[in-house]
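Here is what each chain is made of, one letter per residue.
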Amino acid sequence: MNFDLSGFGPALAAGTLMTVQLALSALCLGLVLGLLGAFAKTSPYKPLQWLGGTYSTLVRGVPELLWVLLIYFGTVNVLRELGERLGVGSLELGPFTAGVIALGLCFGAYATEVFRGAILAIPKGHREAGLALGLSKGRILWQLILPQMWRIAMPGLGNLFMILMKDTALVSVIGLTEIMRQSQIAVTSTKQPMTFYLVAAIIYLGLTIVSMIGLHFLEKRATRGFVRSTQ
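Residues numbered from 1 in each chain as written. Predicted model: local features only at pLDDT ≥ 70, side-chain atom pairs only at ≥ 80, totals over all residues. Heavy atoms only, no water.

Q: How should the side chain of E64 be read in this particular structure?
A: With respect to the secondary-structure elements, E64 resides in helix α3 (residues 64–74). For the buried residue E64, which engages in no salt bridge, the nearest side chain bearing the opposite charge is R60, 9.6 Å off. Residues in contact with E64, not counting those within four places in the same chain, are C106, Y110, D167 and L170. (Helix = DSSP H or I, 4+ residues; strand = E, 2+ residues; numbered from the N terminus. Buried < 20%, exposed > 50% of the residue type's maximum accessible area, 1.4 Å probe, protein only. Lys, Arg positive; Asp, Glu negative; His and termini not counted. Salt bridge = Lys/Arg side-chain N within 4 Å of Asp/Glu carboxyl O. Contact = heavy atoms within 4.5 Å.)

Next up, the structure:
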């Protein structure tokens, strides 16, 4: 097996950076969507519950690859018509933006359930105590609910981020030059599939290890002052 990268080392490094940027951007969008979805599903208002449940069920019921393709190719005509009406020419959704939206939607749908479970795990007595102390609903949310929710949800969100990191490979089908796309280009040029796919696997493994270290730090920080039961 030949491990000569044939000059594709810088391209793979650029692909790794693109993968990290894509994963972090999708994570930010997914966290926002997940929070909104969880608050909707736990809302006392039926329309919001229906909206949150529909989003979670619909997105989780369709494979991530299909969402990438639908968002990238399905918005072509819509954006073109929108650009013509606005008089700015033909608008276009790039592979990176489409990938962020698709992966962020999918991450948010699963994060909705994680956040929802975390919210329901918080004892109702904590909210009642906040009201008894005269705290507003906003302060109860920011000072009592959200800190506890993050602590409970952190392990589940960490697992979802690991999946998200690997799902970035799906965006290679629409031409984004991340790790898999760069590896495919290198394989086509050098006819060394084992070499470059193994290198891609090692890069993904390295990113996973780094992510695990970061998530462990965040989880440890989130549980400061919290004593775990040994029973």
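Q: Explanation requested: the nonpolar core in the structure shown.
A: For soluble globular proteins, nonpolar side chains are generally found buried alongside one another. Counting residues in hydrophobic clusters, the biggest one holds 56 residues, and the most contacted among them are F107, F115, M149, L157, F161 and L164. Here this core takes 12 residues from helix α5 (residues 95–121), the largest share from any one element. With near-sequence residues (within four places) excluded, F107 lies in contact with L27, G30, L31, L157, L160, F161 and L164. (Core = buried A, V, L, I, M, F, W, Y, C linked by side-chain atoms within 4.5 Å.)

Q: Quick question: what am I supposed to make of a nonpolar patch on the surface here?
A: A cluster of nonpolar residues, Y45, L48, W50 and L51, forms a patch on the protein surface that exposes about 490 Å² of accessible area. Secondary-structure assignment places L51 in helix α2 (residues 46–60). Residue classification places L51 among the partly exposed residues on the basis of a relative accessible area of 49%. (Patch = residues over 30% accessible without salt bridge, like charges linked within 9 Å, V, L, I, M, F, W, Y side chains within 5 Å. Areas by Shrake-Rupley, 256 points an atom, 1.4 Å probe, with all protein chains shown as cover.)

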